[in-house]
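# Structural overview
Now for the letters of each chain:
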Amino acid sequence: MSLPPGRVLAFDSGIGGLAVVQALRTTLPEDTRIDYLADNALFPYGEQEDSLLVRRLLSLMEERIAHLRPDVVLIACNTASTIALDALRARFDVPFVGCVPPVRWAARVSQSRVFGLLATRGTARRPYLRSLRDSYAADCEMIVHGARTLADLAEQAFLGRPVDDALVAGELRHLFEAPQGQKIDTIGLGCTHYTFLTDAFLRLCPPDINWLDPALPVAQQVNRVLEMRREQPGRRDLPESLTLTGPAADSAALKQAIARLGYHDITLLEGALTP
């Protein structure tokens, strides 16, 4: 007997994970169900305390996994992945795929041995990032910028609103004006939101920079996990859902934007934890 269509639950603090959903749509079998949960009530995660985030993620996943019975959960958030994947894997009997800064990838492709990483301030300050550098890029100079405004600008770009190039350029300058910044030949995206600013990055940076966006490699890993899936007990044939933990700032604009990814409505998670 063939299995029913695969089901993926993708999670992020905002709309950044939809960049990975975009890659999932082109990578996974066409009949795969992709649910999305954005904890927008506590956006951005990079500004929150680790212990609070772990507790909140465990609670949110408890409800969503019980309701949706996904075959795999994608934590499409670098901050959440770096602090909570171990706790999530210990609690739930479902495979988790995370998103981590592309440090290993950058070390493989950088010719100058100097690469930049754009991340949230939370990801930038965590020991996990230094551990990645020590394990995979010890012979490189890794210049990290924890950018507070890029995630907000990316959300605006996703909604089709104009983004101020001066604000983006101001964040990029932190990389190139750092010691040895003039040698940067590769920049990794350490936040899924930043995919939506790709056009601005390409326009505002030197043309020979290698830009590393983990969205497609992560989608390919989700596909590999799905190929090894087993039947989920108590599985229900539910339609795809896009769920928020708080009201959208502009629900009309968001509905128009998510329609491009195959979502037709927005639901609020009843009983979501208060921030």
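Residues numbered from 1 in each chain as written. Predicted model: local features only at pLDDT ≥ 70, side-chain atom pairs only at ≥ 80, totals over all residues. Heavy atoms only, no water.

An unreviewed UniProt entry lists the chain under the name Glutamate racemase, with Asaia siamensis as the source organism. Listed under Sequence similarities (unreviewed entry) in UniProt, the entry text for the chain is "Belongs to the aspartate/glutamate racemases family." (UniProt positions renumbered as here; feature names shortened; annotations may be inferred.)

Once that is clear, we can look at the packing of helix α2 (residues 50-68) against helix α3 (residues 78-91). Look at α2 against α3: their axes get within 9 Å of each other, and the N-to-C directions meet at 50°. The orientation of α2 relative to α3 falls into the category oblique. Both α2 and α3 take part in a crossing whose hand is right-handed. Facing α2, whose interface residues are Asp50, Leu53, Val54, Leu57, Leu58, Met61 and Glu62, α3 presents Thr79, Ala80, Ile83, Ala84, Ala87, Leu88 and Arg91. The class makeup of the residues in the contact of α2 with α3 is ten nonpolar, one polar and three charged. (Axes fitted to C-alpha atoms, helices over the stretch in contact; angles between N-to-C directions. Helix = DSSP H or I, 4+ residues; strand = E, 2+ residues; numbered from the N terminus. Parallel < 35°, antiparallel > 145°, perpendicular 65-115°, else oblique. Left-handed = near helix turned anticlockwise from the far one by under 90°. Contact = heavy atoms within 4.5 Å. Nonpolar A, V, L, I, M, F, W, Y, C, P; charged D, E, K, R; others polar.)

Let us now look at the UniProt feature "binding site: substrate" (unreviewed entry) in the chain. The sites that UniProt annotates as "binding site: substrate" (unreviewed entry) are Asp12, Ser13, Tyr45, Gly46, Asn78, Thr79, Thr192 and His193. Tracing the chain through its elements places Asp12 in strand β1 (residues 7-12). Under the relative-accessibility criterion, Asp12 is labelled buried at 1%. Residue contacts for Asp12: discarding those within four places in its chain leaves Gly17, Tyr36, Leu37, Ala38, Asp39, Ala76, Cys77, Thr192 and His193. (Buried < 20%, exposed > 50% of the residue type's maximum accessible area, 1.4 Å probe, protein only.)

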